[in-house]
Amino acid sequence: TAAIACALRARGTDVVVVKVAQTGVEPDEDGDAAIVERLTSGLSTGSAPTRELLRLPEPLAPDVAARRAGVTIPTVGDHVRAISDLARAHSIVLVEGSGGLLVHLDARGGTLADVGVGLRYKGVSCGTVLVAAAGLGTLNHSALTAEALRARHIPLLGVVIGSWPEQPDLAEECNVADLPRVTGTTLWGRIPAGAGALAPADFAASATTWLPTLV
């Protein structure tokens, strides 16, 4: 998400990043939104603003973590309204999910896919970027996600391999060619494994090389 934000900001696009539900962190710990904020701070135009809509301590699906914590969490409709408000103020809102397209985000069984449907219902243009694993099994996972998106009429804009190894094996090399075929969309690029450990300036400078289709 940070790499996409950097690549978009490098071409002058106003971007805000939203983490819908952050689980597995304590109140004083950095979650994904804070990590995005840090990694994008190397941009000459400043870091991409971030929002975290929900935080729960146990590393579980949001509905399960909320049930175990005994707390009431926002509904998918609440998330749609918050994202819609941000969409009116920014050119692009990058919404990061929690664990996958159909993971339950609320007590009613609402999912990230339902967020997309809700946004389109409200007239907010939206599409999905699929972050795929590099190795064996990713073609099946990615094809299933692409099929679920098509069934809901949510455009799949592209695929990003989220962690590309320094020495890829045969399956990983073949997946570079096959991911576009099984998902029916473009491979935007590959993020090297360990990229999150780079200094913000180096991360921001490299993002455009990892995601050349966004430049």
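Each remark here, short or long, concerns the structure printed above.
Conventions we followed
Per chain, residues are indexed from 1 in the order of the written sequence. pLDDT decides what is reported in this predicted model: residues at 70 or higher carry local features, side-chain atom pairs at 80 or more are listed and counted, and totals for whole chains, interfaces and linings draw on all residues regardless. Processing note: side-chain calculations cover all non-hydrogen atoms of the structure and skip hydrogens and water entirely. Lines fitted to C-alpha atoms define the axes, with helix axes restricted to the stretch in contact, and inter-axis angles between N-to-C directions lie between 0 and 180 degrees. The numbering of helices and of strands both runs from the N terminus, where a helix is a DSSP run of H or I of at least 4 residues and a strand a run of E of at least 2. Roughly parallel means an angle under 35 degrees; roughly antiparallel means over 145; roughly perpendicular covers 65 to 115; every other angle is labelled oblique. Two residues form a contact once any of their heavy atoms are found within 4.5 Å. All amino acids are sorted into three groups, where Ala, Val, Leu, Ile, Met, Phe, Trp, Tyr, Cys and Pro are nonpolar, Asp, Glu, Lys and Arg are charged, and the leftover types, Gly among them, are polar. Nitrogen and oxygen atoms within 3.5 Å of one another constitute a polar contact, given that in protein one can donate a hydrogen and the other can accept it, and given that sequence-neighbouring residues count only through two side-chain atoms. Any two rings among Phe, Tyr and Trp, with Trp reduced to its six-membered ring, count as a pair given centres within 6.5 Å; such a pair is stacked if its planes are under 30 degrees apart, edge-to-face if over 60, and tilted if neither. When a residue's accessible area, from a 1.4 Å probe over protein chains only, is under 20% of the maximum for its type it is buried; when over 50% it is exposed; and in between it is partly exposed. Ring-over charges, as used throughout, are those where CZ of Arg or NZ of Lys falls within 6 Å of the ring centre and within 35 degrees of the ring normal. By arc we mean the arc of the directions from the helix axis to the C-beta atoms, nothing more. Salt bridges, as used here, are contacts in which a Lys or Arg side-chain nitrogen is within 4 Å of a carboxyl oxygen on Asp or Glu. Two strands qualify as a pair provided DSSP detects at least 2 bridges between them.

A. Inspection of the packing of helix 1 (residues 2-10) against helix 8 (residues 200-210) at higher detail. The interhelical angle for the contact between helix 1 and helix 8, taken along N-to-C directions, is 85 degrees, at an axis separation of 8 Å. Between helix 1 and helix 8, the interaxial angle falls into the category roughly perpendicular. Together, Ala2, Ala3, Cys6, Ala7 and Ala10 of helix 1 and Phe203, Ala204, Ala207, Thr208 and Trp210 of helix 8 make up the contact between the two elements. By residue class, the composition of the contact of helix 1 with helix 8 is nine nonpolar, one polar and no charged.

B. The arrangement of the environment of Thr183 in detail. Counting through the fold element by element, Thr183 comes out in helix 7 (residues 170-183). A C-alpha to C-alpha distance of 5.3 Å links Thr183 and Ala143, two positions 40 residues apart in sequence. Not counting residues within four places of it along the chain, the set of residues in contact with Thr183 comprises Leu130, Ser142, Ala146, Arg150, Leu156 and Val159. A polar contact of 2.7 Å, which involves the side chain of Thr183, links it to the backbone oxygen of Leu179.

C. Looking closely at the packing of aromatic side chains. Within this structure, the stated rule accounts for one aromatic pair. Each ring, one from Phe203 and one from Trp210, has its centre 5.2 Å from the other, and the planes form 75 degrees; the classification is edge-to-face. Like Trp210, Phe203 is buried. In this structure, Arg190 is placed above the aromatic ring of Trp164, and the distance from its NZ or CZ to the ring centre is 4.8 Å.

D. Local environment of helix 8. All of the buried residues in helix 8 are Phe203, Ala204, Ala207 and Trp210. Down the axis of helix 8, the buried set is contained in an arc of 120 degrees. They therefore lie on one face. Opposite its buried face, helix 8 presents the exposed residues Ala205 and Thr209, each directed more than 90 degrees away. Here the buried face of helix 8 lies against helix 1, helix 2 (32-39) and strand 8 (187-192).

E. Up close: the pattern of salt bridges. Scanning the entire structure with this criterion turns up seven salt bridges. Residues Asp178 and Arg181 are paired through a salt bridge, measuring 3.5 Å at the closest nitrogen-oxygen approach. On the criterion of helical spacing, the pair formed by Asp178 and Arg181 is a turn pair, its members being three residues apart in helix 7. A relative accessible area of 22% means that Asp178 is categorised as partly exposed. Three or more residues joined by partner-sharing salt bridges are found here, namely Lys19, Asp32 and Glu96.

F. Region of interest: the sheet that holds strand 5 (residues 92-96). Sheet architecture is open: three strands sit in the order 3-1-5, paired in parallel fashion. Edge strands, defined here as strands with exactly one partner in the open sheet, are strand 3 (50-52) and strand 5. Put simply, the sheet's adjacent strands are angled 20 degrees from each other on average, direction ignored. Against the sheet, helix 2 touches strand 1 (15-19), strand 3 and strand 5, its axis set at about 170 degrees to strand 3.

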